[in-house]
Amino acid sequence: MGRIIVVRHGQASYGQADYDRLSPRGVRQCELLGAHWAARGLRIDEVHVGPRRRHWQSHDASAAHFRAGGGHWPDPVEDPGLDEYSAFEVMESALPSETLKSMLVDTEASRREYFLLFRKTMRLWVRGELATPGVESWQQFRRRVEGSAERMRQSINSAADGKNIAVFTSGGPTAAFAGYALGLDDLRTMELSWIISNGSFSELLASRNDEEERFTLLSLNAIPHLADPDLVTGA
């Protein structure tokens, strides 16, 4: 028996030329996560990290503070299966580039306008009602993430004493892990990805006995380490 603990990266740089890097707030979210895990005495046996810079920066901040708290942190392994779905490419296919750029400004009004349109566009994409040639489909994305989840399950089930695996990725793969465990359909899994907070973690139990294998969602979008409301973000 063991756990897969899936972390959504800390707050990235929305509205900036390079989104794929953590903001100072995002770094702090992940530092507090590492310190929280160390204080709990959590054992980490494997670490898997998605391919984006924000995934690695989230890992590095968490690992440094976990080690500072006295915990042992294994060498991480990069897993391309943990990459986010192609949201920006889908939006580019649905909107003129100048319109899209004008909405990616870090103001409250532009964020609201963008995310309303984003949700509408993503629902069309998931249902196959939006043509996106050359872009990985939502269904292909789910199969990719589920492949990584299955490899981790097998790693846990093959270990004599079980193990805990930490995963650093994005909101979409976090929702895909949960949707896989719960048997959710595509649309509900996609919509689940929109509520995952930066720096949050979700836990899944993997177990096997003589009769069955189980993959169970234990927690979703947990943020006990973010006591300051100003550190709770979702983009």
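Described below are features of the structure shown in this document.

Definitions and cut-offs
- Residues numbered from 1 in each chain as written.
- Predicted model: local features only at pLDDT ≥ 70, side-chain atom pairs only at ≥ 80, totals over all residues.
- Heavy atoms only, no water.
- Helix = DSSP H or I, 4+ residues; strand = E, 2+ residues; numbered from the N terminus.
- Expected span 1.5 Å × (residues − 1).
- Buried < 20%, exposed > 50% of the residue type's maximum accessible area, 1.4 Å probe, protein only.
- Core = buried A, V, L, I, M, F, W, Y, C linked by side-chain atoms within 4.5 Å.
- Contact = heavy atoms within 4.5 Å.
- Axes fitted to C-alpha atoms, helices over the stretch in contact; angles between N-to-C directions.
- Parallel < 35°, antiparallel > 145°, perpendicular 65-115°, else oblique.
- Left-handed = near helix turned anticlockwise from the far one by under 90°.
- Pairing = 2+ DSSP bridges.

So, about helix α6 (residues 138-158). Between its first and last C-alpha, α6 extends 30 Å over 21 residues, near the 30 Å set by a 1.5 Å rise per residue. Along α6, the residues classified as buried are W138, F141, R142, V145, E146, S148, A149, M152, R153, S155, I156 and N157.

Right, let's talk about the nonpolar core for a bit. I4, Y85, F118, M122, W125, F177 and M190 are the most contacted members of the largest nonpolar core, which has 30 residues in total. Sorting the residues of this core by element identifies β1 (2-8), α3 (87-94), α5 (108-126), α6, β4 (164-169), α7 (171-182) and β5 (201-208) as the ones contributing at least two each. Ranked by residue count, the leading element in this core is α6, at 6 residues. The contact partners of I4, leaving out residues within four places of it in the chain, are A149, M152, R153, I156, I165, V167, F177, S202, E203, L204 and F215. Ranked by size, the runner-up nonpolar core spans 16 residues in total, among them V7, V47, W73 and A222.

One can describe the packing of α5 onto helix α8 (residues 186-193) by two numbers: an axis separation of 10 Å at closest approach and a directional angle of 150 degrees. Considered as vectors, α5 and α8 are oriented roughly antiparallel to each other. In this structure, the crossing between α5 and α8 has a hand that is right-handed. Contact with α5, carried on its side by M122, R123, W125 and V126, involves D186, L187, M190 and E191 of α8 and no other residues of that element.

For Y180, the position within the fold is in helix α7. The class of Y180 is partly exposed, set by a relative accessible area of 28%. Residues Y180 and R8, 172 residues apart in the sequence, show an inter-C-alpha distance of 17 Å. Once you skip the residues sitting within four places of it in the chain, Y180 turns out to touch R142, E146, A149, E150, R153 and F215.

As a further point, take the sheet that holds strand β3 (residues 77-78). Strand order in this open sheet of 6 strands is β3-β2-β4-β1-β5-β6, and the pairing throughout is mixed. The open sheet has two free edges, formed respectively by β3 and β6 (213-222), since each of these has just one partner strand. In this structure, strand β2 (residues 46-49) lies alongside β4, joined through 4 bridges in parallel fashion. Paired with H48 across the bridge in β4 is V167.

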